[in-house]
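Survey of secondary and tertiary structure
Residue strings, one per chain:
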Amino acid sequence: MAESVHTVTTLPTARRPGCPFDPPAELIDARRNGPISRCTHPGGRPGWLVTGYDLVKSVLADPRFSARKDLLNVVDFELPPAPPGEFLLMDEPQHGRYRKPLVGKFTARRMRLLTERVEQITADCLDAMEAAGPPVDLVTAFAKPIPTIIICELLGVPYEDRASFQEQIDSFMNGEPNEEELVAAYTATQNYLAGLVAAKRANPTDDVLSELTDSDLTDEELQGISLILLAAGFDTTANMLALGTFALLQHPAQLAALRDDPALTDRAVEELLRYLSVAKTFMRTALVDVEVGGQTIEAGTTVILSYNTANRDPERFTDPHVLDLHRKDGGHVAFGHGIHLCLGQQLARVEMRVAFSALLSRFPTLRLAVPAEEVGLRPETADIHGVKNLPVTWDV
Ligand code: HEM
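One structure accompanies this document, and this report is about it. These numbers come from a predicted model, not from an experiment.

We now examine the coordination of the iron atom of the ligand. The protein supplies the iron atom of the ligand with one donor atom, Cys342 (SG), which lies at 2.3 Å. In this fold, cysteine 342 is placed in the loop between helix H14 (307-310) and helix H15 (345-362).

Around the ligand sit 27 residues in total, of which His95, Arg99, Tyr307, His340 and Cys342 are the nearest. A distance of 3.3 Å separates a nitrogen atom of the ligand from a polar atom in the backbone of alanine 232. The side chain of tyrosine 307 places a nitrogen or oxygen atom 2.6 Å from an oxygen atom of the ligand. Mapped onto the shell around the ligand, the elements with two or more residues apiece are helix H3 (94-103), helix H11 (219-249), strand S5 (281-286) and H15. In terms of residue count, the dominant contributor to the shell around the ligand is H11 (six residues). When the residues that make up the shell around the ligand are grouped by side-chain class, the tally is 18 nonpolar, seven polar and two charged.

With that settled, the discussion passes to the sheet that holds strand S9 (residues 367-368). Taken in spatial order, the three strands of this open sheet run S4-S10-S9, and their pairing is antiparallel. Where the open sheet ends on each side, the last strands, each with one partner, are strand S4 (136-137) and S9. Looking at chain direction, S4 and strand S10 (residues 391-393) are connected through two bridges and run antiparallel. When the bridges of S10 are listed, valine 136 appears paired with valine 392.

By the definition in use, this model includes 25 salt bridges. Between arginine 117 and glutamate 153 there is a salt bridge; the shortest N-O distance is 2.6 Å. Pair noted here: arginine 117 is in helix H5 (residues 115-132) and glutamate 153 is in helix H7 (residues 145-155), with a separation of 36 residues, a long-range link. Residue classification places arginine 117 among the partly exposed positions, given a relative accessible area of 31%. Overall, the relative accessible area of 22% leaves glutamate 153 in the partly exposed class. Residue arginine 362 pairs with glutamate 130 through a salt bridge whose shortest N-O separation is 2.6 Å. Remark: glutamate 130 occurs in helix H5 and arginine 362 occurs in helix H15; sequence separation between them is 232 residues. Taking relative accessible area as the criterion, glutamate 130 reaches 45% and is therefore assigned partly exposed.

Cut-offs and rules
- Residues numbered from 1 in each chain as written.
- Predicted model: local features only at pLDDT ≥ 70, side-chain atom pairs only at ≥ 80, totals over all residues.
- Heavy atoms only, no water.
- Donors = N, O, S within 2.8 Å, 3.2 Å for Na, K, Ca; no water.
- Helix = DSSP H or I, 4+ residues; strand = E, 2+ residues; numbered from the N terminus.
- Near = heavy atom within 4 Å.
- Polar contact = N/O pair within 3.5 Å; in protein donor to acceptor, adjacent residues only side chain to side chain.
- Nonpolar A, V, L, I, M, F, W, Y, C, P; charged D, E, K, R; others polar.
- Pairing = 2+ DSSP bridges.
- Salt bridge = Lys/Arg side-chain N within 4 Å of Asp/Glu carboxyl O.
- Buried < 20%, exposed > 50% of the residue type's maximum accessible area, 1.4 Å probe, protein only.

If you want it as structure tokens, here you go:
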């Protein structure tokens, strides 16, 4: 017989005031009550919430769970399948057909070659900050431009289109629930990408998108792949850079340790990824009845996987709620696990390693320009956690 199980009404999202880096308190409580809880999805459908590290990983590695958009059982209407190319929300074999041609373009080796370019872009942002003088908003001056320029270069977005392109993608990913603006920005981005794919097919240049035109992928599929690279690669990294800097500024001893010892950078980036888990939750749907943590998940039921509580699981990490850049117990799930493991993780690592070190060495006296409570957090409706802005200052 199944054990009695903790129940939450719906996915808890409210963070405790003054704790911008911790998962919602009710989610942490749910984990305390066991690694799996019952929950209700917004459309009233019954579901499950998995908060424990081992169970999150086991669901992600289990082919009896699907990532398909059209199988999500969370609202009271049917969802359409993911558009061609948007493989994050597909299962095998479709998922592999899109992911395989991309894997070789995102290897650690290839990403290391990009390091110089990331260093250059970062230096340009820091030069502009220095020229403007304090205070500046670190989100607009640093956290957003670095990943945007990199993604634009990977996709081969011409230089003159970048500013308007950045504005468009920013407005459909900022999580502000303005339906009309969101649809307009999404449509404009899709139209832009359709034109970009056509241009690369006609005149290939030196970028990933042009390379992909030399395959059996259709224009529509290439457009979907481009959108997924953008959506997955820009917002996540930008929020890690801004929220990561905020977390370091709130932990001055940790910040000083990192600034004074560049050899700590790789480990610091992994710890910030674990501690902040900006990609908070993802969903999977059971294809058949599956037993998870002593509970039977019925076929067709959607499970919410909480990556942020998995990364704070006391059974996996010592003092999980402490930011410790010297931490030795690695293995976080901030990039996911299983077949959908983040394709861009090596790129994201290069960007974060370069950007955090350069920022701290250029501005050793960097500090918040406003009280911490005044730093605006993104709404919890945003898929990716972060800050809206981060006013900083330094001694000149
Ligand atoms: C710190 C930055 C990043 C974080 C925290 C992050 C996180 C994640 C996570 C958690 C997943 C798995 C989602 C799931 O389980 O369903 C994922 C998938 C993915 N990410 Fe990232 N990501 C980051 C940066 C990037 C970058 C820079 C790119 C590319 C330019 C990228 C491209 C992708 C793609 C294409 C997928 C889908 C993989 C698949 O379905 O096979 N990500 N990412």
